[in-house]
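Observations on chain architecture
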Amino acid sequence: MRIVVAGATGSVGRAVIRLARARGIGTVALGRDAARLAGVGADEARAVDFRDATSLQACINPGDVVFSALGASASPSPFMGRRRYHDVDVPLNRALLDAAVARKAARFQYVSLAFGRELRQHAFADAHEQVVDAVVASGLPYTILRPTGIFSTFRRLWGFARLGVFPIPGNPECRSNPIHEEDIARNALEHIEGDSAQLEMGGPEVFTRREIGLLLCRAAGWKHGATLRLPNWFHLMNAHLLGIISPRVLDMLRFYLVISEFDNIAPVAGQRRLADYYAQAANNKPGILGGLHRSGW
Ligand SMILES: NC(=O)c1ccc[n+]([C@@H]2O[C@H](COP(=O)([O-])OP(=O)(O)OC[C@H]3O[C@@H](n4cnc5c(N)ncnc54)[C@H](OP(=O)(O)O)[C@@H]3O)[C@@H](O)[C@H]2O)c1
């Protein structure tokens with residue numbers, strides 16, 4: 001069996017390749033940048049244009065599992081792409097899905113998000129759910145993975161932790177159970193065959209936003225870090241200002257506010273702990289922009 005991983009240079013894609021190789025499953029990494037792809041450690045790496053149906057089909061063999069963590073970045077940096085989620089996630093994943101159907105793939109696996117169906121009025125969630133709709137309608141067996149916050153998202157806020165002050169829009173007491181990217185990958189590989197499924201999944205520990213911020217500050221070396229409650233109007237004003245440079249960031253920061261206002265807790269499917277992840281991140285000594293731009297700590 002082979003697994004063809006799209007978005008292979010991202011946090012979840014890298015984890016899928018690592019775990020699949022450890023289980024003796026053949027891996028093909030798809031991405032847009034040959035140099036970054038070379039670093040993910042797949043058996044085979046193919047730089048492709050995801051809008052080109054012919055080159056996508058050439059990467060998939062009948063019977064392959066196609067896994068997609070392909071999507072515009074969730075980073076709040078305006079320098080990680082301007083294009084909105086609807087303009088990246090939907091067309092690129094649909095092209096990949098069409099190629100998987102045409103090449104008679106055995107299964108399509110896709111990373112959406114917990115509560116995505118309930119939050120469809122927001123662009124970030126709706127773009128993912130449009131892909132889910134297409135996957136379900138495709139006739140291929142599927143696995144939809146629906147994680148809460150992925151650990152890698154919080155590391156993107158490392159720069160604030162370095163300053164010792166972690167800003168929080170919305171409600172600092174709202175709770176969630178974020179999940180390690182490797183736990184998402186493990187769940188994907190455990191559902192590589194069998195009935196189609198949609199799996200909501202979170203990590204083993206529930207934290208408030210404030211606790212997540214303080215944990216990150218401590219990992220960055222502050223014994224007494226602090227959190228700063230951002231008024232929603234201030235958060236949205238900054239979102240609109242950054243949105244001038246990147247409309248994608250406006251979509252992201254609007255969504256970040258929404259999920260910072262209610263408890264989003266999913267069934268426990270992860271084992272790994274956030275404090276260990278941050279400690280490992282700290283050992284890598286990221287700079288002030290650490291993690292903001294590319295995955296791969
Ligand atoms: N952040 C969260 O907490 C969260 C929660 C639930 C679900 N999700 C979703 O889960 C999925 C996987 O997350 P992740 O952390 O693995 O994301 P990630 O680290 O940002 O990786 C995204 C992948 O998509 C690729 N990509 C982005 N834009 C592209 C384009 N225009 N053309 C070709 N490739 C492109 C990236 O390639 P490059 O390396 O070349 O940029 C990267 O390989 C995403 O759809 C994300 O939205 C995220």
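Data block above holds the structure.
Residues numbered from 1 in each chain as written. Predicted model: local features only at pLDDT ≥ 70, side-chain atom pairs only at ≥ 80, totals over all residues.

1. Details of the overall build of the protein
Counting its regular elements, the protein contains twelve helices and eleven strands. By the compact-globule yardstick of 19 Å for 297 residues, the protein fits well, its C-alpha radius of gyration being 18 Å. Projected onto the principal axes, the alpha-carbon positions of the protein cover approximately 55 × 35 × 35 Å. Counting the 297 residues in the protein, one finds 47% classified as buried. In the protein, of all internal contacts separated by at least 6 residues, the share reaching a separation of at least 24 is 76%. (Helix = DSSP H or I, 4+ residues; strand = E, 2+ residues; numbered from the N terminus. Rg over C-alpha atoms; globule rule 2.2 N^0.38 Å. Buried ≥ 20, exposed ≤ 12 C-beta atoms within 10 Å, placed from the backbone. Contact = placed C-beta atoms within 7 Å.)

2. Examining the site of the ligand
Neighbouring the ligand are 28 residues; Gly7, Thr9, Gly10, Val12 and Gly71 lie closest to it. Among the secondary structure elements, those contributing two or more residues to the shell around the ligand are α1 (11-22), α4 (85-102) and α6 (151-155). For the shell around the ligand, the class distribution of residues is 13 nonpolar, twelve polar and three charged. (Near = placed C-beta within 6 Å. Nonpolar A, V, L, I, M, F, W, Y, C, P; charged D, E, K, R; others polar.)

3. Observations concerning the sheet that holds strand β1 (residues 2-6)
Read across the open sheet, the seven strands follow the order β3-β2-β1-β4-β5-β6-β9; overall the sheet is parallel. Among the strands making up the open sheet, the edge pair consists of β3 (44-47) and β9 (197-201). Going across the sheet, the axis of each strand differs from the next one's by a mean of 15 degrees, ignoring polarity. Bridge analysis of β1 against strand β2 (residues 26-31) gives five bridges, and the strand direction is parallel. Note on β2: the bridge partner recorded for Val4 is Val28. Where α4 meets the sheet, its contacts fall on β1, β4 (65-68) and β5 (107-111), and the angle it forms with β4 comes to roughly 175 degrees. (Pairing = 2+ DSSP bridges. Axes fitted to C-alpha atoms, helices over the stretch in contact; angles between N-to-C directions.)

4. Topic: the packing of helix α5 (residues 123-137) against helix α11 (residues 247-259)
Here α5 crosses α11 at 100 degrees, and the two axes come no closer than 8 Å. On the basis of the axis angle, α5 is roughly perpendicular to α11. Packed against α5, whose contacting residues are Ala123, Phe124 and Ala125, the element α11 presents Asp251, Met252 and Phe255 at the interface. Tallied by class, the residues present in the contact of α5 with α11 amount to five nonpolar, no polar and one charged. (Parallel < 35°, antiparallel > 145°, perpendicular 65-115°, else oblique.)

5. Focus on the packing of helix α9 (residues 209-219) against helix α12 (residues 274-283)
Close contact between α9 and α12 brings their axes to 9 Å; oriented N to C, the two are set at 30 degrees. α12 is crossed by α9, and the crossing has right-handed handedness. Taken together, the residues of α12 that come into contact with α9 (itself represented by Leu215, Leu216 and Ala219) are Leu274, Ala275, Tyr278, Ala279, Ala281 and Ala282. Residue composition of the contact of α9 with α12, by class: nine nonpolar, no polar and no charged. (Left-handed = near helix turned anticlockwise from the far one by under 90°.)

6. Comments concerning the pairing of strand β6 (residues 142-147)
The side chains of a regular strand alternate, residue by residue, between the two faces of the sheet. Of all six residues that make up β6, six are buried, and the element is covered over most of its length. Burial of the side chains of β6 extends over both faces: Tyr142, Ile144 and Arg146 are buried on one face and Thr143, Leu145 and Pro147 on the other. As judged from the four bridges shared by β5 and β6, these two strands associate in the parallel manner. In the sheet register, Phe108 faces β6, and the bridge partner there is Tyr142. As for the winding sense of the linkage, the β-α-β connection from β5 through α5 to β6 is right-handed. Relative to β9, β6 is paired through five bridges, and the arrangement is parallel. Opposite Arg146, over in β9, you have Glu200 as the bridge partner. (Right-handed = clockwise from strand over helix to strand, strands pointing away.)

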